[in-house]
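Letter by letter, the chains look like this.
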Amino acid sequence: MIYAKSEPVEGLKEHTDRLIRNYENLKKLYSDKLNNEIMWKLLLIAVKYHDVGKVYSPFQNVIRKKIGLQLLSEPISYDIPHNYLSPAFIPYNKLNINKDEMKILIQSIGYHHERDKEIDIDKIKEIIDKDLKKSIKVLKTELDIEIADKIGTKYVSKLIKRIKTDDNFYYLYVLVKGLLHRIDHSSSAHQDVEVDRHKNVGEYTLRYMKSKKFSLRDLQKFALKNKDRNLIIIASTGIGKTESALLWIDNDKAFFTLPLRVSINALFDRVRKDIGYSYVGLLHSSSLDYLDESGYENWEEIYEQSKMLSSKLNFSTIDQVLKFPFKYRGYEKIYATMAYSKVVIDEIQAYKPSIAAVILKGLEMIYKIGGKFMIMTATLPTIYIDYLRNRGIIQEKDLVIREFLSSKIRHKISVKEKAIYEDIDEIIEKGKNSKVIVIVNTVDRAIEIYDYICRRKGKLQKIYLLHSMFIQEHRAKLEDEIKDFAKDKNLKGIWITTQLVEASIDVDFDYLFTELSTLDSLFQRLGRCYRKREYDMNEPNVYIYTKDVKGIGSIYDKDIFELSYKKIKKYNMKKLTEKDKVKMVEELYSRESLQSTEFVKEFEKALTFLDNIDDYDINSKEAQKILRDIQSVTVVPREIYDNIQDLINQFKNEKNRDKKREIRRKIMRKTVSIPIYKAKGKVTKVNIKGLEYIGILERKYEFDEKKICGKGILIEQELANIL
């Protein structure tokens, strides 16, 4: 028998038949979206011949050695990948395809594994002459496919110069190669390449809304009516954007993206549990942990289907699905999937300019290959729309831009020409009888304000601190606590936090005290105060502080901050409408306004890079790293690390892979990501295999698990000073 795999043992015919079944499944389910006869023809040939090169004796011996069989004699033993050899066996003269299609076929098979291995035609010729030719007979006997009677190296010339974006048949190549990747990976994992094709999330959403006696809002009617077009929706918070997106997706395969994992998890739960649509996947760096810890019975199945992109609807971070603009080796897998999918980008304003450039480049590519997209946002920088217009993507027949703004007045603002710490007494007074949220620009400032208030709190009921420098376990508790606090009408008090809450936590407070940030960020903060309620009082419910503001020049662009200040101060002691907010952001982020700012430079630099990137220059992990914008390190505070020594020892001694993974997840809950510059000189390495990427932070950490409060990492307090 010719073997294809060792774990589990699988013959080449069995493996190929599995791929053919997945091919037929994909064609049956999505040929209405991928209506391209020659693509399906080439894909079927690629599926049948992709692994025939595994008949090469050294490859067979690798498997035979693993499963304890006698080794074959090796007339030659060059290290040449099987995918470079497979095209040799195709009977090209019987396929009725032209030269371009032949090249597509040869490269789709030749690069269905992306290896850093040069193609050596002399070695391939030797392999064919001394090893492969003698295998023709056995291949004809074992496989139900036609094998060429005479094989040679003629195909290699079409393998060497890779097909790239400027080739006329580029998109056909992307589809054949990308879908071969999908089918091969799913079949190797013994899974269906696509599932639940006919489970319509639009119908489930309508049924859910009917059961709750919700009538369709204007935005939702619009999304339903325009489900065959690309949409850009600018809408106020609390206006039903999520349901609108689900109605727009309707019966299509889709990827729904958000900036933060906590928001994605919440949406995943909501769609499964509230709307009752269980045909959803979850895809981000810790989705496996979340699914397991949340008690989903079929968590492994959900995870595997998500990983294979098989789920009908996938909730994801952008680093998982929008990395194809980097054209890394193997990017065709995701890009081809986009050809028959819809993509929702929620909260695009939350991404930094360089990441927004990747998203917009991705949308341009999706548009060109036939997929559809929807952008949902409360505020959209004008230069993003300019980009889509300049690239020819905004055309009336294809794309609609529409605003859906609430007519409710929710905020009256006071612009204070002082620092936020100068008004501690006023914040405390408000907190005694109301729910108050304080949002500042840095963790250091949040801790400073927390200390001020704790020293002078008097009869204040509750005071909490929430920022990004708590370990995962404690941050999750705090996020639950702030939501419970906001919901409980009887509780009064103060939450001090950072921009962490801008897009991730759905809460509603009575008063907001905030440092000024850029306008897009500021208006997200306003969304945590009088989120849906109308405000009709004379006194302000939002206080904006403009002096001694932290994070300017580091977190927020200095030029945009200054421009934001000039605009917002005109509204001092005035009520803000939703139109006011959108208009201010439009003006602020216009090209004229931003000329020569770091924001525009970063955005354009990223676009120039993406427009000129060499295909296959980087790999998938490198592309993902850029998108994640990794400028942080993962650490366990020393006091926590010393308290989990039993867990660390269990990890070191555990031999079972699944149990070891479970212990690692428990350890990860004790970690926190902190900026590299803050960690410098304060971290000790963990020299334990499997935990090398974690460091021990030699700084104090404070959290009371019973009271669910504390300060988190105190980065300036060395342990020696506390002892």
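Residues numbered from 1 in each chain as written. Predicted model: local features only at pLDDT ≥ 70, side-chain atom pairs only at ≥ 80, totals over all residues. Heavy atoms only, no water.

1. With respect to the packing of helix 11 (residues 218–225) against helix 12 (residues 241–249)
Running from amino to carboxyl end, helix 11 crosses helix 12 at an angle of 15°, the nearest separation of the two axes being 8 Å. On the basis of their axis angle, the class for helix 11 and helix 12 is roughly parallel. For helix 11 against helix 12, the interelement crossing comes out right-handed. Within the contact between the two elements, helix 11 uses Leu219, Gln220, Ala223 and Leu224 and helix 12 uses Lys241, Glu243, Ser244, Leu247 and Trp248. Class assignment for the residues of the contact of helix 11 with helix 12 results in five nonpolar, two polar and two charged. (Axes fitted to C-alpha atoms, helices over the stretch in contact; angles between N-to-C directions. Helix = DSSP H or I, 4+ residues; strand = E, 2+ residues; numbered from the N terminus. Parallel < 35°, antiparallel > 145°, perpendicular 65-115°, else oblique. Left-handed = near helix turned anticlockwise from the far one by under 90°. Contact = heavy atoms within 4.5 Å. Nonpolar A, V, L, I, M, F, W, Y, C, P; charged D, E, K, R; others polar.)

2. Some thoughts on the pattern of salt bridges
Within this structure, the stated rule accounts for 58 salt bridges. The shortest N-O distance in the salt bridge between Glu539 and Lys430 comes to 3.6 Å. Here Lys430 lies in helix 20 (residues 424–433) and Glu539 lies in the loop between helix 24 (519–526) and strand 15 (542–545), a separation of 109 residues in the sequence. You can call Glu539 partly exposed: its relative accessible area is 28%. Relative accessible area serves as the criterion here: at 17%, Lys430 is assigned to the buried category. (Salt bridge = Lys/Arg side-chain N within 4 Å of Asp/Glu carboxyl O. Buried < 20%, exposed > 50% of the residue type's maximum accessible area, 1.4 Å probe, protein only.)

3. Focus on empty space enclosed by the protein
Applying the stated criterion across every chain, the model contains one cavity of 30 Å³ or more. Here the largest cavity defines a volume of roughly 120 Å³. Around the largest cavity, the lining comprises 13 residues; the ones closest to its centre are Ser236, Ala378, Arg410, Glu578 and Lys581. Of all the secondary-structure elements, those providing two or more residues to the lining of the largest cavity are helix 24 and helix 26 (578–588). No other element matches the three residues that helix 26 contributes to the lining of the largest cavity. (1 Å grid on protein atoms, 1.4 Å probe; cavity = no way out; pocket = protein on both sides within 12 Å on 5 of 7 lines; lining within 4 Å. Points joined across faces, edges and corners; volume = space filled by probe spheres on them.)

4. Some details on the sheet that holds strand 6 (residues 313–316)
Reading across the sheet, the seven strands line up as 5-6-4-7-8-3-9 and stay open at both edges, with parallel pairing between neighbours. Each edge of the open sheet carries a strand with a single partner, namely strand 5 (280–283) and strand 9 (399–404). Neighbour to neighbour, the strand axes of the sheet diverge by 15° on average, direction disregarded. Inspection of the sheet shows strand 3 (residues 230–235) paired to strand 8 (residues 372–377) by four bridges, in the parallel sense. Across the sheet, the residue bridging to Leu231 is Met374, located in strand 8. Of the strands in this sheet, strand 4 (253–257), strand 5 and strand 6 are in contact with helix 13 (residues 261–274), which crosses strand 5 at around 170°. (Pairing = 2+ DSSP bridges.)

Any functional reading would require information that these geometric values do not contain.
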